[in-house]
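# Structure at a glance
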Amino acid sequence: MAQRLIVIGGDAAGMAAASQARRRRGRDDLEIVAFERGHFTSYSACGIPYWISGVVKERDQLIARDPATFRDEFDIDVRLRTEVTGIDLGRREVVARDLDRGGQLRERFDTLVYATGALPVRPDWADDGVAGVFGMQTLDDGAALREWLDAEPRPRRAVVVGGGYIGVELAEALIRRGLTVTLVEQGEQPMSTVDPDMGALAADAMRTVGIDVRTGVEVTGVEERDGRVSAVVTADGPMPADVVVLGLGVRPNTTLAGAAGLPLGPSGGVRVDRRMRVPGVPDVWAAGDCVETLHRVSGLPVHIPLGTHANKQGRIVGINIGGGYATFPGVVGTAVTKVCDVQVGRTGLRERDASASGFEFVSVIAESTNRAGYHPGAEPMTIKLIAERPTGRLLGAQIVGRCEAAKRIDVLAVALWNGMTVDEMTALDLGYAPPYAPVWDPVLVAARKAVDVLAESGR
Ligand SMILES: Cc1cc2nc3c(=O)[nH]c(=O)nc-3n(C[C@H](O)[C@H](O)[C@H](O)COP(=O)(O)OP(=O)(O)OC[C@H]3O[C@@H](n4cnc5c(N)ncnc54)[C@H](O)[C@@H]3O)c2cc1C
């Protein structure tokens, strides 16, 4: 008899696992059922801001594979609008609810993949039943926001609460749609995934495109008129809003996992071993935004919810379930984003992470340009490097700039991954031609500066 694989969560991690398992095991050997509580499978949440803005024209462009494709080409039975409400490890069953027709079902599994993603942080005031307040995690969330923006009366004033990358990308989307946008950030600067000095550069850039960035301000509630949001409440007074978007970060969606007794780690994510198995629970695997992973620089377990990890981890789960052998080696925390034409890249540890991990370090900031200074289109770029003292090992890097600036972080991520020192980096053989870089690439300029600062610090 065929074994039965049940997948909870029909997006990046879950469906990567399911399709990879199917590539390796035929229908007679493995039956695969995937439960997804939303309306879509295998969609790009990362593309939602660009669909909201109109840069991406059609919602369906964000969908890589729909349930019919999974059924016809992969023999995977996807059950949309079906929410798993419990996992019974003793009976090897999941309990699920049909969200459209009602009713409960129980389904047996031999192997389980837990891939429920993350949940946007929602303060209590966001759930007061006032229409026009949106979290942003799934394509259903994106569709709900678009519907609100397109309906009459057309919203004109938006407040984005929280300046993480999702908030920043949605601020851009809303300003592109012609709304006036205020971004309210409780911390010192938006983009807290970089150090405040680099976040300040991003904030300045946002202001130049017309986003009203308010820092050090907490939103404590919303005001309504006729059941629709009319303002957010802050200590600085009310800020008018016809639409409010939450960008307060996410937390791993572990409600079911916790209730079933799956082990959770210090970051709050489901614990997994290198093969993405849940330790101590036979034939249960987990992947994506719901798990924690190893940070290769700090050596600590972290929750870094990104599509790039979810896809890789899901694939690894599928290879292992399919009878192969694959491991996930951890992350260095590389991420890129943009707001209008300003780009932000980061990898490794920020100053506060390096301090918390007990490293001694120096930080340098180097100004350069993306092309030879005389070449048309040359734009300034700021790179920050954090290097261990006295070894010179790179610990982290951040970039703010325009025109192809952010993807330069990949060179730094590779250096970090391989434990290079800033000394070694000064000799890197990077490509040069005036339309692509100055003769000293910005990465080399920053590495040289870090070497000088380390020497001055008496290493
Ligand atoms: C606006 C936005 C922009 C982003 N941009 C980027 C980017 O540029 N780069 C990047 O790397 N990452 C980006 N991300 C993050 C990326 O989208 C996620 O890391 C990725 O989608 C995680 O995949 P996942 O499968 O783990 O979780 P999810 O994509 O969250 O999928 C989990 C699925 O499980 C379903 N589910 C949850 N609980 C249940 C249940 N009990 N029963 C049934 N179904 C359930 C959910 O409906 C959901 O569809 C972005 C995210 C957002 C929201």
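A brief structural summary. (Residues numbered from 1 in each chain as written. Predicted model: local features only at pLDDT ≥ 70, side-chain atom pairs only at ≥ 80, totals over all residues. Heavy atoms only, no water.)

## Concerning the site of the ligand
Asp11, Glu36, Tyr43, Asp289 and Leu306 are the nearest of the 33 residues found near the ligand. One of the side-chain nitrogen or oxygen atoms of Asp11 is found 2.4 Å away from an oxygen atom of the ligand. A distance of 3.3 Å is found between an oxygen atom of the ligand and a backbone nitrogen or oxygen belonging to Leu306. Contact with the protein chains covers 93% of the free accessible surface of the ligand, which is 990 Å². Going through the elements one at a time, helix H1 (12–24), strand E2 (30–36), strand E4 (82–88), helix H5 (165–176) and helix H8 (307–321) are the ones with two or more residues in the shell around the ligand. (Near = heavy atom within 4 Å. Polar contact = N/O pair within 3.5 Å; in protein donor to acceptor, adjacent residues only side chain to side chain. Areas by Shrake-Rupley, 256 points an atom, 1.4 Å probe, with all protein chains shown as cover. Helix = DSSP H or I, 4+ residues; strand = E, 2+ residues; numbered from the N terminus.)

## What about the nonpolar core?
Of all hydrophobic cores here, the largest spans 51 residues; its most connected members are Ile76, Ile87, Val94, Val113 and Tyr114. Excluding residues within four positions of it along the chain, Val94 makes contact with Ile6, Ile8, Phe35, Val84, Gly86, Ile87, Leu105, Arg106, Glu107, Phe109 and Leu112. With 41 residues, the next largest nonpolar core counts Leu145, Leu149, Ala171 and Leu179 among its residues. (Core = buried A, V, L, I, M, F, W, Y, C linked by side-chain atoms within 4.5 Å. Buried < 20%, exposed > 50% of the residue type's maximum accessible area, 1.4 Å probe, protein only. Contact = heavy atoms within 4.5 Å.)

## Here's the deal with the layout of surface pockets
For the second largest pocket, the calculated volume is near 210 Å³. Contributing to the lining of the second largest pocket are 15 residues, with Val272, Asp273, Glu292, Thr293 and Leu294 lying nearest its centre. Taken together, the residues of the lining of the second largest pocket sort by class into seven nonpolar, four polar and four charged. (1 Å grid on protein atoms, 1.4 Å probe; cavity = no way out; pocket = protein on both sides within 12 Å on 5 of 7 lines; lining within 4 Å. Points joined across faces, edges and corners; volume = space filled by probe spheres on them. Nonpolar A, V, L, I, M, F, W, Y, C, P; charged D, E, K, R; others polar.)

## Points about the sheet that holds strand E21 (residues 335–339)
Ordered in space as E21-E22-E25-E24-E23, the five strands form an open sheet in which the pairing is antiparallel. Single-partner strands in this sheet number two, and they are E21 and strand E23 (361–369). With strand direction ignored, the average angle separating the axes of adjacent strands in the sheet is 15°. Here five bridges tie E21 to strand E22 (residues 342–348), and the two strands are oriented antiparallel to one another. Each bridged residue has a counterpart across the sheet, and for Thr337 the counterpart in E22 is Val344. The sheet strands contacting helix H12 (residues 442–456) are E23 and strand E24 (380–388), and the helix crosses E23 at an angle near 145°. (Pairing = 2+ DSSP bridges. Axes fitted to C-alpha atoms, helices over the stretch in contact; angles between N-to-C directions.)

## With respect to the environment of Glu83
As for its position among the elements, Glu83 is in strand E4. On the basis of relative accessibility, which here comes to 17%, the residue Glu83 falls in the buried class. A C-alpha to C-alpha distance of 27 Å links Glu83 and Val244, two positions 161 residues apart in sequence. Glu83 has contacts with Arg37, Val95, Ala96, Arg97 and Leu99, leaving out every residue within four places of it along the chain.

## Quick word on a negative patch on the surface
Together, Asp124, Asp128, Glu224 and Asp226 make up a negatively charged patch on the protein surface. On the secondary structure map, Asp124 appears in the loop between strand E8 (118–120) and strand E9 (133–134). On the basis of relative accessible area, Asp124 is assigned to the exposed category, the value being 69%. (Patch = residues over 30% accessible without salt bridge, like charges linked within 9 Å, V, L, I, M, F, W, Y side chains within 5 Å. Salt bridge = Lys/Arg side-chain N within 4 Å of Asp/Glu carboxyl O. Lys, Arg positive; Asp, Glu negative; His and termini not counted. Charge placed at Lys NZ, Arg CZ, Asp CG, Glu CD.)

## Digging into the environment of Val121
For Val121, the position within the fold is in the loop between E8 and E9. Residue classification places Val121 among the partly exposed residues on the basis of a relative accessible area of 32%. Once residues lying within four places of it in the same chain are set aside, the contact partners of Val121 are Leu246, Leu248, Gly249, Val250 and Arg251.

## Concerning the side chain of Ser53
Summarising the element assignment, Ser53 is placed in helix H2 (residues 48–53). Ser53 gets classed as buried once you look at its relative accessible area, which sits at 15%. There is a polar contact of 3.2 Å between the side chain of Ser53 and the backbone nitrogen of Val55. Ignoring any residue separated from it by four or fewer positions in sequence, one finds Ser53 in contact with Ala173, Arg176 and Arg177.

## Looking at H5
Here H5 spans 17 Å end to end across twelve residues, near enough to the 16 Å set by a 1.5 Å rise per residue. Among the twelve residues in H5, nine count as buried, and that is most of the element. Following H5 by one or two positions, Gly178 has its phi on the positive side, about 95°. (Expected span 1.5 Å × (residues − 1).)

## Considerations on the packing of aromatic side chains
In total, this model carries two aromatic pairs according to the counting rule given. Ring centres 5.8 Å apart and planes at 50° place the aromatic pair Phe70 and Phe74 in the tilted group. One end of the pair is Phe70 and the other is Phe74, both in helix H3 (residues 67–74) and four residues apart, which spans about a single turn. Each member of the pair Phe70 and Phe74 is classed as buried. (Phe/Tyr/Trp six-rings, centres within 6.5 Å; stacked < 30°, edge-to-face > 60°.)

## Some words on the pairing of strand E11 (residues 180–185)
Within E11, five of the six residues are buried, leaving the element largely enclosed by the surrounding structure. Across five bridges, the pairing between strand E10 (residues 157–161) and E11 is parallel. Its bridge partner lying in E11, Val159 is registered against Thr182. Taken together, E10, H5 and E11 form a β-α-β motif whose crossover is right-handed. (Right-handed = clockwise from strand over helix to strand, strands pointing away.)

## Brief notes about empty space enclosed by the protein
Throughout the structure, instances matching the rule amount to one cavity of 30 Å³ or more. Around the largest cavity, the lining residues are Gly288, Asp289, Val291, Thr293, His303, Ile304, Pro305, Leu306, His309 and Gln313. Considering only residue class, the lining of the largest cavity consists of four nonpolar, five polar and one charged.

## Observations concerning unusual backbone geometry
With an omega of -5°, the peptide bond running from Glu152 to Pro153 counts as cis. Inspection of the secondary structure assignment puts Pro153 in the loop between helix H4 (139–150) and E10. Phi angles above zero are rare outside glycine, and Arg92 is one such case at about 55°.

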